[in-house]
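# Structural characterization, general
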Amino acid sequence: MKVNIINKGHQPLPQYATSQSAGMDLRANLDEPVILKPLERKLIPTGLHIALPVGFEAQVRPRSGLALKKGITVLNTPGTIDADYRGEIGVVLINLSQEEFVVNDGERIAQMVIARHENAEFIEVEVLDETERGEGGYGHTGVK
């Protein structure tokens, strides 16, 4: 799939780390480092603008290494970039650790996955078909 992209920043374009990677790393595009205090969140710019084909979205997800080692994650995960959005891709990072975290220019801060999606048409009915699960919700299957 080909995706048009404008890079208004100074970082390289996103790319897959391996031939079977699902996500591409997004990098911080900063004029100066950004400090995230414990429990603080900030929008980090990437300098990237994309035009996805109709029927696709880009999902912005945390990087597992940052989450495990530093307690840094993406707050609205997965964040969705719609096919008709043309603004800059920003990443809402939050620091869930007890220590300050410095986001440096060029740092890999999130990953982006391109995914196909469907648009649903809701049809209002009086009754839904029955299933074995029924209305069983959160934790209804218990601990095994």
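Below, the structure is looked at part by part. (Residues numbered from 1 in each chain as written. Predicted model: local features only at pLDDT ≥ 70, side-chain atom pairs only at ≥ 80, totals over all residues. Heavy atoms only, no water.)

## A closer look at a nonpolar patch on the surface
Judged by side-chain polarity, Ile123, Val125 and Leu128 come together as a nonpolar surface patch covering roughly 340 Å² of accessible area. For isoleucine 123, the location among the structural elements is in the segment after strand 11 (108–116). (Patch = residues over 30% accessible without salt bridge, like charges linked within 9 Å, V, L, I, M, F, W, Y side chains within 5 Å. Areas by Shrake-Rupley, 256 points an atom, 1.4 Å probe, with all protein chains shown as cover. Salt bridge = Lys/Arg side-chain N within 4 Å of Asp/Glu carboxyl O. Helix = DSSP H or I, 4+ residues; strand = E, 2+ residues; numbered from the N terminus.)

## Examining the layout of surface pockets
Put simply, the largest pocket is a space of about 230 Å³. Around the largest pocket, the lining residues are Met1, Val3, Ile5, Leu13, Pro14, Gln15, Tyr16, Met24, Ile50, Leu52, Met112 and Ile114. Taken together, the residues that form the lining of the largest pocket break down as 11 nonpolar, one polar and no charged. (1 Å grid on protein atoms, 1.4 Å probe; cavity = no way out; pocket = protein on both sides within 12 Å on 5 of 7 lines; lining within 4 Å. Points joined across faces, edges and corners; volume = space filled by probe spheres on them. Nonpolar A, V, L, I, M, F, W, Y, C, P; charged D, E, K, R; others polar.)

## Notes on the sheet that holds strand 6 (residues 56–61)
Spatial ordering of the open sheet is given by 2-11-6-8, a layout of four strands whose pairing is antiparallel. The open sheet terminates on both sides in strands that have one partner only, identified here as strand 2 (24–27) and strand 8 (79–81). Across the sheet, the mean angle from the axis of one strand to that of its neighbour is 35°, orientation sign disregarded. (Pairing = 2+ DSSP bridges. Axes fitted to C-alpha atoms, helices over the stretch in contact; angles between N-to-C directions.)

## Description of the sheet that holds strand 7 (residues 72–74)
With respect to topology, three strands assemble into an open sheet ordered 4-9-7, the strand pairing being antiparallel. With one partner strand each, in any of the chains shown, strand 4 (41–45) and strand 7 form the two edges of the open sheet. Between one strand and the next, the sheet's axes are offset by a mean angle of 35°, whatever the strand orientation.

## Brief notes about unusual backbone geometry
Threonine 77 connects to proline 78 through a cis peptide bond whose omega is -10°. By the secondary structure assignment, proline 78 is in the loop between strand 7 and strand 8. Of note in this structure, leucine 39 is not a glycine but carries a positive phi near 65°. Mapped onto the secondary structure, leucine 39 falls in the loop between strand 3 (34–36) and strand 4.

## Regarding the side chain of glutamate 57
Tracing the sequence through the fold places glutamate 57 in strand 6. Despite its burial, glutamate 57 pairs with no opposite charge; the closest candidate is arginine 61, at 7.0 Å N-O. Within the local environment of glutamate 57, its side chain forms a polar contact with the side chain of glutamine 59, the two groups lying 2.9 Å apart. Excluding its chain neighbours within four sequence positions, the residues that come into contact with glutamate 57 are Leu52, Thr80, Ile81, Val113, Ile114, Ala115 and His117. (Buried < 20%, exposed > 50% of the residue type's maximum accessible area, 1.4 Å probe, protein only. Lys, Arg positive; Asp, Glu negative; His and termini not counted. Polar contact = N/O pair within 3.5 Å; in protein donor to acceptor, adjacent residues only side chain to side chain. Contact = heavy atoms within 4.5 Å.)

## Things to note about the nonpolar core
Note on soluble globular proteins: their nonpolar side chains tend to be buried together. Core analysis: the biggest nonpolar cluster contains 25 residues, and Ile44, Val91, Leu93, Val103, Ile109 and Met112 have the highest contact counts within it. Elements that contribute at least two residues to this core include exactly strand 2, strand 3, strand 5 (48–51), strand 6, strand 7, strand 9 (90–95), strand 10 (101–103) and strand 11. Residues contacting valine 103, with those up to four places away along its chain left out, are Ala28, Leu30, Pro33, Val34, Leu36, Ile44, Leu93 and Ile109. (Core = buried A, V, L, I, M, F, W, Y, C linked by side-chain atoms within 4.5 Å.)

## Observations regarding the pattern of salt bridges
Using the criterion set out here, one finds three salt bridges in the structure. A salt bridge links arginine 108 to aspartate 25; its shortest N-O distance comes to 3.0 Å. Here arginine 108 is found in strand 11, whereas its partner aspartate 25 is found in strand 2, with 83 residues between them in sequence. Overall, arginine 108 belongs to the partly exposed group, its relative accessible area being 35%. According to the relative accessible area criterion, aspartate 25 is buried, its value standing at 19%. In this structure, glutamate 40 engages lysine 42 in a salt bridge whose closest nitrogen and oxygen atoms are separated by 3.9 Å. What makes glutamate 40 partly exposed here is its relative accessible area of 25%.

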